[in-house]
Amino acid sequence: MNFAPALLQALRQSAHVVVFSGAGMSAESGVPTFRDAQTGLWAQYDPTELATPEAFRRHPKRVWDWYAWRRELVARARPHAGHRAVAALERHVPQVTVVTQNVDGLHQEAGSRRVVELHGNLRRIVCARCRAVVPQTAWAPAGPEGVPRCPHCGGLLRPDVVWFGEPLPADAWRAAQQAMQTADVVLVVGTSGVVYPAAGLPLLARERGARLVEVNPTETALTPVVDDVLRGPAGEVLPALVRAAWGGEGNG
Ligand code: APR
């Protein structure tokens with residue numbers, strides 16, 4: 001792959017690189033994006049209609065079961081070369097922040113140390129009523145709704161993710177904004193840029209003078225505002241980029 005010399009230079013001179021990732025970052029690890037067609041058991045459902053508080057109120061067991069299935073997918077998934085390239089940035093750049101919309105924890109598994117999870121984490125289960133984090137060993141048996149209950153207050157358990165229509169966790173949102181405001185380069189990887197407020201974050205960085213770089217096989221809503229467009233899958237483009245900027249294997 002050929003990269004603009006100005007991009008490579010900007011990376012090498014960066015004091016702070018932010019990686020802003022979306023579902024496409026995990027695609028090559030086998031975690032399907034929401035906007036991919038679903039297959040098998042869940043093909044008849046639209047994920048954007050399962051990931052809502054209304055869906056959980058009306059069909060708690062269906063939503064719980066869908067997330068149980070996603071948790072299994074994620075448990076089997078492993079970080080790919082792109083995740084490793086992101087983690088390897090920490091050896092070359094003084095400060096690296098990953099701001100992710102993903103809920104699978106794959107950036108952390110690859111070794112990234114500063115990860116801001118804007119949409120929560122699928123592996124963490126909380127009480128929908130009292131918000132206590134409840135490890136699986138402490139789940140109280142399911143009642144008539146078919147969903148395990150909180151051992152403290154009896155509320156229904158749910159994944160600690162942000163559903164459509166719910167606010168983002170305030171501390172993560174603050175950390176993400178702060179990161180964007182001090183970024184020199186933002187790598188926008190695998191996100192369609194249509195889900196707000198997260199999609200507005202790269203613009204915040206741009207206002208403060210950051211260079212925006214899109215890594216995505218296809219055009220997105222953010223393409224018109226980025227400085228560099230790197231067309232291709234994250235698992236190929238990111239290691240090649242790190243290799244071009246600093247040499248070596250590109251993945252540590
Ligand atoms: N490498 C990089 N990008 C990829 C790859 C890949 N291998 N495969 C697909 N993509 C791109 C697609 O072209 C698309 O632009 O990833 C993007 C995925 O878009 P979305 O599914 O809309 O994911 P995202 O932007 O993260 O959505 C935001 O909405 O899906 C919900 O809550 C979920 O956090 C998510 C939010």
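Here the structure is a predicted model, which means the values were calculated and not measured. (Residues numbered from 1 in each chain as written. Predicted model: local features only at pLDDT ≥ 70, side-chain atom pairs only at ≥ 80, totals over all residues. Heavy atoms only, no water.)

Any chance you could break down the sheet that holds strand β3 (residues 115-117) for me, citing the residues and the numbers?
Backbone-to-backbone hydrogen bonds join strands into a sheet, with any given pair of strands oriented parallel or antiparallel. As summarised here, the arrangement of the six strands in space is β3-β2-β1-β6-β7-β8, forming an open sheet in which the pairing is parallel. The sheet is open, and its two edges are formed by β3 and β8 (228-230), each paired on a single side. Averaged over all pairs of adjacent strands, the angle between their axes in this sheet comes to 20°, without regard to strand direction. In the sheet, strand β2 (residues 95-100) pairs with β3 via three bridges, with the strands oriented parallel. Across the sheet, residue Val 99 finds its bridge partner in β3, namely Val 116. Across the sheet, helix α1 (residues 5-12) touches β1 (16-21), β6 (185-189), β7 (211-215) and β8, and the angle it forms with β7 is around 115°. Sitting on the sheet, helix α10 (residues 234-246) is in contact with β6, β7 and β8, with an inclination near 160° to β6. (Pairing = 2+ DSSP bridges. Helix = DSSP H or I, 4+ residues; strand = E, 2+ residues; numbered from the N terminus. Axes fitted to C-alpha atoms, helices over the stretch in contact; angles between N-to-C directions. Contact = heavy atoms within 4.5 Å.)

If you had to explain the site of the ligand to someone new, which residues and values would you point to?
Lining the immediate environment of the ligand, one finds 21 residues, of which Ala 23, His 119, Thr 191, Ser 192 and Asn 216 sit closest. Between Ala 23 and the ligand, the recorded distance is 2.7 Å, taken from a backbone N or O atom to an oxygen atom. Take Gly 24: an N or O atom from its main chain is 3.4 Å from an oxygen atom of the ligand. Contact with the protein chains hides 87% of the accessible area of the ligand, taken as 720 Å² for the molecule alone. Here the residues of the shell around the ligand are counted per class, giving eight nonpolar, 11 polar and two charged. (Near = heavy atom within 4 Å. Polar contact = N/O pair within 3.5 Å; in protein donor to acceptor, adjacent residues only side chain to side chain. Areas by Shrake-Rupley, 256 points an atom, 1.4 Å probe, with all protein chains shown as cover. Nonpolar A, V, L, I, M, F, W, Y, C, P; charged D, E, K, R; others polar.)

Please provide a residue-by-residue account of the packing of helix α6 (residues 81-88) against α10, values included.
Where α6 meets α10, the axes come as close as 7 Å, and the angle between the chain directions of the two elements is 30°. Relative to α10, the element α6 lies roughly parallel. Pair α6 / α10 crosses with left-handed handedness. Contacts between α6 and α10 pair Ala 81, Gly 82, Ala 85 and Val 86 from the former with Ala 234, Gly 235, Leu 238, Pro 239 and Val 242 from the latter. (Parallel < 35°, antiparallel > 145°, perpendicular 65-115°, else oblique. Left-handed = near helix turned anticlockwise from the far one by under 90°.)

Requested: an account of α1, with residues and values cited.
Taken together, the buried positions of α1 are occupied by Leu 7, Leu 8, Ala 10 and Leu 11. With its buried residues spanning 160° around the axis, α1 presents them on a single face. Buried residues along α1 sit against β1, β6, β7, β8 and α10. (Buried < 20%, exposed > 50% of the residue type's maximum accessible area, 1.4 Å probe, protein only. Arc of directions from axis to C-beta.)

So what's going on with the domain arrangement of the protein chain? Residues and values would help.
As assigned here, the protein chain comprises domain 1 (1-31 + 79-119 + 167-252) and domain 2 (38-76 + 124-161). On a C-alpha basis, the centres of domain 1 and domain 2 stand 29 Å from each other. Contacts between domain 1 and domain 2 engage six residues on the former and six residues on the latter. Regarding the contact of domain 1 and domain 2, the summed buried area is about 420 Å², with carbon and sulfur atoms giving 63% of it. Where domain 1 touches domain 2, the interface holds zero residue pairs in polar contact (both at pLDDT 80 or more). When grouped by side-chain class, the residues that make up the side of domain 1 that touches domain 2 number two nonpolar, two polar and two charged. (Domains from an automatic or database assignment. Buried area = accessible area lost by both parts, 1.4 Å probe.)

Please set out the packing of α1 against α10 residue by residue, giving values where relevant.
One way to put it is that α1 packs onto α10 with a least axis distance of 9 Å and a crossing angle of 80°. Classed by the angle they form, the pair α1 and α10 counts as roughly perpendicular. Contacts from Leu 7, Leu 8, Leu 11 and Arg 12 of α1 reach α10 at Leu 241, Ala 244, Ala 245 and Trp 246. Of the residues that constitute the contact of α1 with α10, the class distribution is seven nonpolar, no polar and one charged.

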